[in-house]
Structure formats: C-alpha cells, structure tokens
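Here is what each chain is made of, one letter per residue.
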Amino acid sequence: MITLLAGGTGSVKMARGLSKISEDLAIISNIADNLWLHGLYVCPDIDTITYGLADILDKDRGWGIAGDSFMFLEQMKTLGQEYWFRIGDRDLAIHLVRTNLLKEGKSLSSITEWIRKKFSISTRILPASDSHIETRIETTQGDMHIQEYWVKNHAKPEIKGIRYEGIKEANASTKAVEFIRNSDLVVIAPGNPISSIGPIISMPSIRKELESRKRDVVAISPLIGNSALSGPASKYMEAMGIESSPYGVALHYEDIVSNLVISEFDAEYEKKIHSLGIKTHKTNIVMQNVQDEIQLCNYIINKFNNA
Ligand code: FO1
C-alpha cells in the first residue's frame, strides 16, 4: 500500500500517475486552503485531486472542471458579490452538496469518501483533518486567507509571516494516521512545502507517525535550483526563512524523510543534503504530460516500494 501526501496543483500530477500504477493507493489531502465563500465550503485541494482522478480536471489551469462555464459567477458579479474566486457552474455542485452534508452533521472525511464513490474513483482520498484549519498570510497590507493572498491579491503584498490557524485545536484524521502507519511506502508529492504539505505534516499525530516511518518516506522536490516547478513555493519558503532550493526542501523535511528525489540538474545540492542523513536520487521531475507522470511514478515505485 502507498500513501501520498498531496495538496495543490503540483501534487495532482503525481496522484494521477500513482493511481494508474498502484491499485492500493491512499491520498492524504491538504485542507488548509479550504474557505467559506458565498455560504459554501470550498475545498480546492480535495477537489483538484477528485477532478484529477475522475479525469475531468482542467489541466491547463490545474483547478476546476475542464470546459466549465462561469454564468453563476457573472450573476454574482451583477448582484455586487465577490467574484475574485472563480467557481465554475459545474464545480459549484460539489461545494453545494458538501455544504449541505456538513450542515446535516456529516464529517468532511465521510463526505469526501461519498463524493469519490460518486465519481467512481478507486483511490482513497482522506482530508488530513475534519477540522477547519486555514493558512493565513500575514502581510504589510494585513492578515489574509491564503486564497485571498494568492488569488485576490495576486501574491503581491509583502509577506511578514505564515501560520496555520486552528491547527493546535484540530485533530488529525485517525484514518490518515492509520494509512501512514500501515503503508509500505509514503510519498510526499512535489507540492508547496509550506502551503500544501506544511499543514499536513504540522499536525502532531501525523508528524509523529511520519517520524517513526521515516525510513519509508520519500519526498519529491518541488524545486529545480531556486525555482518552483509551479506556484509560489519559493516565495513562501523564503518568507519562512527557508532556503529556496532542494537543500531547503530537505532541511524542511529532515525529521520525516529518508530519501529525496531531485532534478538531474541539481547535483550541486547533493552533498549538503547527504549531510542531513537524507539520500538523494536524480531523475526528471518535470511532469508535462501523462508519460512524464507515469515515468516519474514508475521510478519511485521501482526504487522505493519494496513490498
Ligand atoms: N486558483 C486561482 O488562481 N484562481 C481562481 O479563481 C481559482 C478558483 C478555484 C475554484 C475552485 C477550486 O477548487 C480551485 C480554484 N483555484 C483557483 C485554485 C486554488 O486556489 C489552488 O489550487 C489551491 O488553493 C492551491 O493549494
């Protein structure tokens, strides 16, 4: 069994690749980019994985449903409502159903399970927690939800700090902890170490489990050199005082990872990464198409899945 820690548009490629190769895969999804909007509970990372595995994801944007329209959003604009977060007409359904089920008292985990079955997805999708946690970006223009920072303010305000609000009071999903405990291999997707993977590995019971399974945990670098494969990983890492490089990624995952897959162009970082007791493995980590996704996932499974 393989467990993938995932979040954001970078991770879905690995989720898709692994799901094509492994029949026994579980994905633990980030939840700290979830937001309440228009009275709806929107879970972007869970939905990106769901749509990715259901093969309806808009691959160019990396979020939402391919070919979706935005009539609902247009109408919200006419009514003077916020429209910076582009919820598509077909996408709207999942937020509506989820919100109604939450109001009936169902947990986010059970709703996510119900939804993945509706989409006939065989891979398990587990929210890291049923509690609401949100990544807050503290900026010179005030404190804001990560979606407000990234989507509404186009990542322009200067960052003073980043925190996961609610994480101390939250409990990690017991299923997620069990999956990590019982997996032959745990893979950390090449997602943003701060905003996508950070909230998952900051939950004490998940972290503790990862620490004890460290030998079987492999991470894929989301950076080549100092640049992120996609999104604001470099920006968030620097804001947290972490070097934006594969070495910075290794340092961030030092306690929970024994192997790091890096780009074939990043040999210069290997010595420093080895000094942390982490082994490096060089290959092509850029996933531009399905072939790349399968190639990288095959590489990981052949190298690390000894089950
Ligand atoms: N990302 C954007 O950059 N702009 C959007 O308007 C936007 C809308 C959106 C709607 C539903 C959804 O599931 C995701 C959406 N995203 C949008 C992506 C989202 O901001 C990111 O994928 C994640 O939050 C990254 O962790």
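Our subject is the structure listed above.
Now for a quick tour of the structure. All figures in this text were calculated on a predicted structure; none of them were measured in a lab.

The rules we used
- Residues numbered from 1 in each chain as written.
- Predicted model: local features only at pLDDT ≥ 70, side-chain atom pairs only at ≥ 80, totals over all residues.
- Heavy atoms only, no water.
- Axes fitted to C-alpha atoms, helices over the stretch in contact; angles between N-to-C directions.
- Helix = DSSP H or I, 4+ residues; strand = E, 2+ residues; numbered from the N terminus.
- Parallel < 35°, antiparallel > 145°, perpendicular 65-115°, else oblique.
- Contact = heavy atoms within 4.5 Å.
- Near = heavy atom within 4 Å.
- Polar contact = N/O pair within 3.5 Å; in protein donor to acceptor, adjacent residues only side chain to side chain.
- Areas by Shrake-Rupley, 256 points an atom, 1.4 Å probe, with all protein chains shown as cover.
- Nonpolar A, V, L, I, M, F, W, Y, C, P; charged D, E, K, R; others polar.
- Buried < 20%, exposed > 50% of the residue type's maximum accessible area, 1.4 Å probe, protein only.

So, the packing of helix α7 (residues 174-182) against helix α9 (residues 204-212)
Direction vectors running N to C along α7 and α9 enclose 5°, while the axes themselves pass 9 Å from each other. Looking at the two axes, α7 sits roughly parallel to α9. Contact residues: α7 offers Ala 176, Val 177, Ile 180 and Arg 181, while α9 offers Ser 205, Ile 206, Glu 209 and Leu 210.

Quick look at the site of the ligand
Taken together, the neighbourhood of the ligand is formed by Gly 8, Thr 9, Asp 33, Pro 44, Asp 45, Trp 63, Trp 84, Phe 85, Arg 86, Asp 91, Gln 147 and Val 151. Within the side chain of Asp 45, an N or O atom sits 2.9 Å from an oxygen atom of the ligand. In the environment of the ligand, an oxygen atom lies 2.6 Å from a nitrogen or oxygen atom belonging to the side chain of Gln 147. In the complex, 87% of the free accessible area of the ligand, which totals 530 Å², lies under the protein chains. Contributing elements (two or more residues each) for the shell around the ligand: α1 (8-21), α2 (44-53) and α6 (146-152). Of the residues that constitute the shell around the ligand, the class distribution is five nonpolar, three polar and four charged.

Focus: unusual backbone geometry
Residue His 38 is not a glycine yet carries a positive backbone phi of 55°. Tracing the chain through its elements places His 38 in the loop between β3 (35-37) and β4 (40-42). Phi at Ser 120 is positive, roughly 55°, even though this residue is not glycine. Structurally, Ser 120 is set in the loop between α5 (108-118) and β5 (124-127). Exposure remark for Ser 120: the relative accessible area of 66% places this residue in the exposed category.

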